[in-house]
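If you want the building blocks of each chain, they are given just below.
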Amino acid sequence: MSRSAHPAGPRHADVYPEGHYTAPATDLNELDPKVWSRTVTRDADGALTVGGIEVARLAEEFGTPAYFLDESDFRARCRAWSDAFGPDADVFYAGKAFLSRAVVRWLQEEGLNLDVCSGGELATALDAGMPAERIAFHGNNKTVAEIERAVEAGVGRIVLDSFQEIVRVAHVAQRLGVRQRVQIRVTVGVEAHTHEFIATAHEDQKFGIALADGLAAEAVRRALTLDGIELIGIHSHIGSQIFDMAGFEVSARRVVQLLAEVRDEHGVELPEIDLGGGLGIAYTSEDDPREPHEIAKALSDIVTRECESAGLRTPRISVEPGRAIVGPTAFTLYEVGTIKPLEGLRTYVSVDGGMSDNIRTALYDAEYSVALVSRSSDAEPMLVRVVGKHCESGDIVVKDAFLPSDLAPGDLIAVPATGAYCRSMASNYNHALRPPVVAVRDGEARVIVRRETEEDLLRLDVG
Ligand code: LLP
C-alpha cells in the first residue's frame, strides 16, 4: 500500500492533524464552480439548487443518500470533448465511471462513442440502443462468452490486452465468420503521478502488453497473421486522475514509435491510436484540471509532430474520458445524523450513507469537498470529518473539511464531484441499499437508477 497515514487519521494526534488545516479564508457558503456542477447555485434563502430545484425538495421526493446528476452539464461536457477533438478524432466515454441506459441515450444524442469493459456494461449499452459499431470493448480478461457476444453484436473494436486474447478473439471471430476490428493495448512504461491502484502504464501491472523487449512488436506480428482480426491501431491508457500532460505526451510519442516500427517491418501504416482516458477533475478547490481543448491540442500536436518526423500519415486519434465527463456533474446528498465533537481535534459528522456509496476515500485516500446545502450559515468554521454509518472506522467520506459550527442533525450536506466511480463502485456492505441516481434538468428531476430496496436484497438471497 502506498498509504502513508492510518486510514482513520493520525493515531495519536491531539491537535489538528496537519498544519494546513486552518480555517479557510473563503466564505463556507460559497460554491466553487470548479467542484460543483454547472447549474448548482444557492437561492435567495441560501439553500442549494440544481437544475432550478432546491435540495430540500429533492431530499423529500427522492430521499437521502442520493446522487443528483446535472444532465445539462453532462451533455455540455460531452459536447466540449467532441468539439475539442473535432471530426478527425473519436471520443469514447468510459462507461465504467458511471453507466445507465439514460446515460447511453445522452451519449448517442451528443454524438459520443462508448467504451465498455464487461458483459454487463455491453448489455446496458446495447439495450439502450447504442449502435454496436460505436462501442469499444476493453478488459484484461474478457471471457469467451463476452468476446462472442461482442463479436456477434458487431462492436466497432475490441481492445486486445494479452497474447492469449489475440488468439482468442481471432478464433471466435473466425468461427462466427467475421473479421473483428481490434486494437492492441500496450504499456508504454510511463509512471503516471497518481495513486498506485489507478496508474496503469508502468510495466509491473496486469494491463496490456509492454513495449519493452519487443513484446508489443511481437503482438502486432501475431495479430497481422490471423484472419479473424483486423488490426486497426494501438491503444495506451496511462492511469487516472492525472493533471500533468507530460505522461500523455511520452505515451503518444512511444505509441507513434511503434507505428513507425510496424510500418518498417510490415509495410503497414496502422490508421488509429487511442490514448485512453485518465484526465483529472477538481475534487477540491486546490485541484486545477485542464480543459478539453487544451488536452486535445496537446495530444494532437504531439502526435502530428512525431508522425511528421517519422514520415507517417497522422493516424486518427481517439480518447476515452470517463471521470472528466461525468465526475463533476453529480453530487451526493446526505442527511446529517449525529455530530461528535472531539475537543481540539475535529468533529465527526455522521451521515446516512458512507463507504457503500463512496469507496474512493477509503480505497485511494481520495479527497473531497463538502458543503452545508439546506441553508446558508454565518457560524464559525469547524474542522470536520464526514463519516458514514458502516461498522468500521475507515468508513470516511470526506477526510478533512470545514463546515459551519452550527451544523445540526437533520441538516443536508452535499459532497460534489461524485459522478464518477461512486455509484459504479457502490456496494451493499452492511446490507446498505445502494442510492438512486436522479437526473435533474430544467426544473425537472427523474430517477434514472432507482434506490435499491430490501426486496432487491432478499431476492438475491435464495435462503
Ligand atoms: N480507458 C481505459 C482503458 C480505462 O481503463 C479507464 C479507467 C478509462 C479509459 C477512463 O479513465 P478516467 O478518464 O475515468 O479516469 N476506480 C478508480 C478509477 C479506475 C479507472 C479504471 N480505468 C477511481 O475511482 O479513481
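Residues numbered from 1 in each chain as written. Predicted model: local features only at pLDDT ≥ 70, side-chain atom pairs only at ≥ 80, totals over all residues. Heavy atoms only, no water.

1. Here we look at the sheet that holds strand β2 (residues 48-50)
The cut-off we apply is this: We treat two strands as partners when DSSP finds at least two bridges between them. Under the DSSP-based scheme used, a helix requires at least four consecutive residues in state H or I and a strand at least two consecutive residues in state E, with every element numbered from the N terminus.
Reading across from one edge, β1-β2-β3 is the order of the three strands in this open sheet, with antiparallel pairing throughout. Two strands lie at the open edges of the sheet, namely β1 (41-42) and β3 (53-54), each paired on one side alone. Sheet analysis places β1 next to β2, joined by two bridges and oriented antiparallel. Pairing of T41 across the sheet is with T49, part of β2.

2. Some points on the site of the ligand
Just so we agree on the cut-off: To be near a molecule or strand, a residue needs just one of its heavy atoms within 4 Å of it. We define a polar contact as two N or O atoms separated by no more than 3.5 Å, with the added condition that, inside protein, one atom must be a possible hydrogen donor and the other a possible acceptor, whereas residues neighbouring each other in sequence contribute only through side-chain atom pairs. Using a grid of 1 Å spacing that covers the protein atoms alone, one calls a set of points a cavity when a 1.4 Å probe fits there but cannot get out, and a pocket when the set is open and has protein on both sides within 12 Å along at least five of seven lines; lining residues are those with an atom within 4 Å of a point. Assignment to a cavity or pocket requires that more than half of a molecule's atoms be within 2 Å of the site's grid points. Gly is placed with the polar residues, together with every amino acid not listed as nonpolar (Ala, Val, Leu, Ile, Met, Phe, Trp, Tyr, Cys and Pro) or charged (Asp, Glu, Lys and Arg). Start and end points for every domain follow an automatic or database-based domain assignment.
As a matter of local geometry, the ligand sits amid 19 residues, with S240, E320, R360, Y364 and Y421 nearest to it. With respect to the ligand, the side chain of K96 contributes an N or O atom lying 3.4 Å from an oxygen atom. One of the side-chain nitrogen or oxygen atoms of E320 is found 2.7 Å away from a nitrogen atom of the ligand. Structurally, the ligand is housed in the second largest pocket. Taken together, the residues that form the shell around the ligand break down as six nonpolar, seven polar and six charged. When residues of the shell around the ligand are sorted by domain, at least three fall in each of domain 1 (10-70 + 328-460) and domain 2 (138-321).

3. Brief notes about the domain arrangement of the chain
For an interface, size is often stated in terms of accessible area lost upon the parts coming together. Basically, it comes down to this: Should any heavy atoms of two residues lie within 4.5 Å, those residues are considered in contact. A pairing counts as a salt bridge when a side-chain nitrogen of Lys or Arg comes within 4 Å of a carboxyl oxygen of Asp or Glu.
Taken domain by domain, the chain consists of domain 1 (10-70 + 328-460) and domain 2 (138-321). Averaged C-alpha coordinates put domain 1 and domain 2 at centres separated by 36 Å. Listed by partner, the interface residues are 11 residues for domain 1 and 11 residues for domain 2. Scanning the region where domain 1 abuts domain 2 turns up zero salt bridges. At the junction of domain 1 and domain 2, the tally comes to five residue pairs in polar contact (both at pLDDT 80 or more).

4. Here we look at the UniProt feature "domain: Orn/DAP/Arg decarboxylase 2 C-terminal" (unreviewed entry) in the chain
For the record, the criterion: UniProt positions are given in the numbering used here, feature names are shortened, and annotations may be inferred rather than shown by experiment.
Sites flagged by UniProt as "domain: Orn/DAP/Arg decarboxylase 2 C-terminal" (unreviewed entry) map to residues 333-419. Strand forms 45% of residues 333-419 and helix 6%; the C-alpha atoms that close the span are 12 Å apart.

5. Some thoughts on the UniProt feature "binding site: pyridoxal 5'-phosphate" (unreviewed entry) in the chain
Under the UniProt annotation, the feature "binding site: pyridoxal 5'-phosphate" (unreviewed entry) is placed at G278, E320, P321, G322, R323 and Y421. From the list above, the second largest pocket is lined by G278, E320, P321, G322, R323 and Y421. In this view, P321 contacts W81, V91, F92, Y93, A94 and G277; residues no more than four positions away in its chain are not counted. Within the secondary structure, Y421 sits in the loop between β19 (412-416) and β20 (437-441). In this structure Y421 touches K96, A97, R323 and R360, once residues within four positions along its chain are discounted.

6. A word on empty space enclosed by the protein
Rules: Grid points are joined across faces, edges and corners, and a volume is the space filled by probe spheres set on the points.
Here the structure, examined in full by the defined rule, presents one cavity of 30 Å³ or more. Reported here for the largest cavity is a volume of approximately 30 Å³. As for the largest cavity, its lining consists of Y67, L69, F98, A330, T418, G419, R423 and V437.

7. Looking at the environment of A56
Quick note on the threshold: Accessible area is worked out with a 1.4 Å probe on protein chains only. A residue is then buried under 20% of its type maximum, exposed over 50%, and partly exposed in between.
When you line up the elements, A56 lands in helix α1 (residues 55-62). In this structure A56 comes out as partly exposed when scored by relative accessible area, which is 34%. As a C-alpha pair, A56 and R375 span 319 residues in sequence and 9.3 Å in three-dimensional space.

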